[in-house]
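Residue-level structural notes
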Amino acid sequence: MPHERSAAFAPGRVNLIGEHTDYNEGLALPFAIFQGVSARAHAVPGPRRRVQAWARDLDERDEFGLEDPARAQGWRAFVRGAAAELQAAGYPLVPAHLELAGDVPRGAGLSSSAAFEVAVCLALVELGAEGEPGAWLTPADRIALAHVCARVENEWVGAQTGLLDQLASLCAEADHALLIDFRTLALERIPLALEGWRLVVVDSGERHSHASSGYNERRRECAEACRLLHIGSLRDAEPGSLGALPEQLRRRAQHVLSENRRVLDAVSALRAHDLPGLAELLNESHASLRDCYEVSTAAVERTVAELREHGAAGARLMGGGFGGSVLALLPGTVALPQRALEVQPGPGARLLDG
Ligand code: GLA
């Protein structure tokens, strides 16, 4: 028997370092935050195979048929896409009423959309699942769901994003960052002890949408660099071979190669309790994202400069760029800047008692 009720919580994420590496089979080091999206579902018995959804924060509603959800815009695209892609992946769904609410700032680079997709998917799958509550949710299922959620972004929302946000939301664990190798999808927990230092995010005030920003264009540029280098992904690029690329593509590839190295250096810095070293890597990542990958904006630069003036030892744009949030690492002696949201490594997505 499927369940009568289900509930799930999925967190947003902060990416400590490793930006624009996921779709290049590279490395990243995100962690889940305590802010997230919760989804509560109950089964709606009867012959009509429909889903009704209520986005509580917006007080907006949607209703669609499970068999063939039609395309939609905004948050509705995520819910309909999740229902369609879950069924295409073989998860049995049942007619449902779904209530959604969250506290991740939207469009600010904290992966509100991944949190939304993951919460919807967990609640819908649990509702349609047989057996003990949550029994189906194995580590392998978490990775499978990350792929489903990425397809929702790619096919239903039009953003060609990689797997970073979804894997972070689904697989991260409290007090740890998650070292992800996007070539093998190997995941390694790295203790994230800040030893009195603080991580904060500050919204640049500039909204971004991956579907309409230069994000998809960056992906195309990386694919073009691979084509010219005759390699399958930038993970295979030798630093010495980049000279064969036109100047702009060379800078894009340089960012990806150097960022992969910085992720490994950040893991070493954390293991050595070297917070100043970690801060320096954040600064180097930002310089590379600004100069080589060219995804910063004037508003982001102002925010980074303000944070450094305030006393941040490291600050960098976070997520896809073109606006969104800045991540900063503050020594314990520095007060919280205005508008800053302190972030800590929380647990990954989970089912709640319905
Ligand atoms: C966004 C995307 C991710 C990733 C980052 C950049 O957050 O959703 O897949 O590509 O940008 O690192």
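First things first, this report covers the structure right here in the doc. Given the structure is predicted, the values throughout are model-derived calculations rather than measurements.

**Focus: the nonpolar core**
Core analysis: the largest hydrophobic core is formed by 86 residues, its most contacted members being Leu29 and Leu145. With 11 residues, the single largest contributor to this core is helix α2 (residues 112-128). Leave out the neighbours within four places in its chain, and leucine 29 touches Asn15, Leu16, Ile17, Ala177, Leu178, Leu179, Ile190, Val263, Ala266, Val267 and Leu270. Of all hydrophobic cores here, the second largest spans 31 residues; its members include Ala225, Cys226, Leu229 and Val295.

**Details of the site of the ligand**
In the vicinity of the ligand there are 13 residues, among which Glu19, His20, Asp22, Asp165 and Tyr215 approach most closely. One nitrogen or oxygen atom from the side chain of arginine 13 is found 3.1 Å from an oxygen atom belonging to the ligand. Take aspartate 165: an N or O atom from its side chain is 2.5 Å from an oxygen atom of the ligand. About the coverage of the ligand: the protein hides 98% of its 310 Å² of free accessible area.

**Some details on the pairing of strand β10 (residues 314-317)**
What you see with β10 is no split at all: Gly314 and Arg316 on one side and Ala315 and Leu317 on the other are buried throughout. Judged from the 4 bridges that link them, β10 and strand β11 (residues 325-330) form a sheet pairing that is antiparallel. Each bridged residue has a counterpart across the sheet, and for arginine 316 the counterpart in β11 is leucine 327.

**Remarks on helix α5 (residues 215-229)**
The first and last C-alpha atoms of α5 sit 22 Å apart over 15 residues, in line with the 21 Å expected at 1.5 Å per residue. In the core, the buried residues of α5 are packed alongside α6 (247-271). Looking at the residues trailing α5, positive phi occurs at histidine 230, about 55°.

**Here we look at the sheet that holds strand β4 (residues 50-55)**
Backbone hydrogen bonds hold the strands of a sheet together, and the pairing may be parallel or antiparallel. Sheet architecture is open: 6 strands sit in the order β5-β4-β6-β3-β1-β13, paired in mixed fashion. The sheet is open, and its two edges are formed by β5 (60-65) and β13 (350-352), each paired on a single side. On average, each strand axis in the sheet is tilted by 25° relative to the strand beside it, whichever way the strands run. Looking at chain direction, strand β1 (residues 5-15) and strand β3 (residues 30-43) are connected through 10 bridges and run antiparallel.

**Comments concerning the pairing of strand β8 (residues 186-191)**
In terms of strand pairing, strand β7 (residues 176-181) meets β8 through 6 bridges, oriented antiparallel. Bridge pairing links isoleucine 180 to leucine 187 in β8. Counted along the chain from β7 to the antiparallel partner β8, the turn is 4 residues long, and its residue leucine 185 has a positive phi close to 60°.

**Looking at unusual backbone geometry**
The phi torsion at leucine 185 lies on the positive side, around 60°, for a residue other than glycine. Residue position: leucine 185 is located in the loop between β7 and β8. The phi angle at glutamate 294 is positive, at roughly 55°, despite the residue not being glycine. Counting through the fold element by element, glutamate 294 comes out in the loop between α7 (275-291) and α8 (298-310).

**Some points on the packing of aromatic side chains**
Centre-to-centre distance and the angle between the planes together describe a pair of aromatic rings. Applying the stated criterion across every chain, the model contains 3 aromatic pairs. When the centroid spacing of 5.6 Å and the interplanar angle of 70° are considered together, the rings of tyrosine 23 and tyrosine 215 count as edge-to-face. Linking tyrosine 23 in the loop between β1 and β2 (27-28) with tyrosine 215 in helix α5, this pair joins segments that are 192 residues apart in sequence. Taken together, a centroid distance of 6.3 Å and an interplanar angle of 75° make the contact between tyrosine 91 and tryptophan 136 edge-to-face. With tyrosine 91 in the loop between α1 (75-88) and β6 (96-102) and tryptophan 136 in the loop between α2 and α3 (139-157), this residue pair connects regions lying 45 residues apart in the sequence. We note that tyrosine 91, like tryptophan 136, is buried. Note that arginine 71 overlies the ring of tryptophan 156, its terminal NZ or CZ placed 4.0 Å from the centroid.

**Quick look at the environment of phenylalanine 78**
Relative to the helices and strands, phenylalanine 78 resides in helix α1. Separated by 28 residues in the primary sequence, phenylalanine 78 and arginine 50 place their C-alpha atoms 16 Å from one another. Excluding anything up to four places from it in sequence, phenylalanine 78 contacts Ser113, Phe116, Glu117, Val152, Glu153 and Val157.

**Structural notes on the side chain of threonine 297**
Within the secondary structure layout, threonine 297 lies in the loop between α7 and α8. Residue threonine 297 is classed as buried on the basis of its relative accessible area, which comes to 17%. A polar contact of 2.9 Å, which involves the side chain of threonine 297, links it to the side chain of glutamate 206. In contact with threonine 297, other than residues within four places in its own chain, are Glu206, Phe322 and Gly323.

**Brief notes about α3**
Taking 1.5 Å per residue as the helical rise, α3 with its 19 residues ought to reach 27 Å, and the 26 Å between its terminal C-alpha atoms agrees with that figure. Within α3, the full set of buried residues consists of Asp141, Arg142, Leu145, Ala146, Val148, Cys149, Ala150, Val152, Glu153, Asn154 and Trp156. On its buried face, α3 sits against α1, α2 and α4 (164-171). Backbone geometry just downstream of α3 places glycine 158 in the positive-phi region, at approximately 85°.

**Brief notes about the sheet that holds β2**
Ordered in space as β2-β7-β8, the 3 strands form an open sheet in which the pairing is antiparallel. The open sheet has two edge strands with one neighbour each: β2 and β8. Packing of α4 onto the sheet brings it into contact with β2, β7 and β8, and relative to β7 it is tilted by some 135°.

Cut-offs and rules
Residues numbered from 1 in each chain as written. Predicted model: local features only at pLDDT ≥ 70, side-chain atom pairs only at ≥ 80, totals over all residues. Heavy atoms only, no water. Core = buried A, V, L, I, M, F, W, Y, C linked by side-chain atoms within 4.5 Å. Buried < 20%, exposed > 50% of the residue type's maximum accessible area, 1.4 Å probe, protein only. Helix = DSSP H or I, 4+ residues; strand = E, 2+ residues; numbered from the N terminus. Contact = heavy atoms within 4.5 Å. Near = heavy atom within 4 Å. Polar contact = N/O pair within 3.5 Å; in protein donor to acceptor, adjacent residues only side chain to side chain. Areas by Shrake-Rupley, 256 points an atom, 1.4 Å probe, with all protein chains shown as cover. Pairing = 2+ DSSP bridges. Expected span 1.5 Å × (residues − 1). Axes fitted to C-alpha atoms, helices over the stretch in contact; angles between N-to-C directions. Phe/Tyr/Trp six-rings, centres within 6.5 Å; stacked < 30°, edge-to-face > 60°. Lys NZ or Arg CZ within 6 Å of the ring centre and 35° of its normal.

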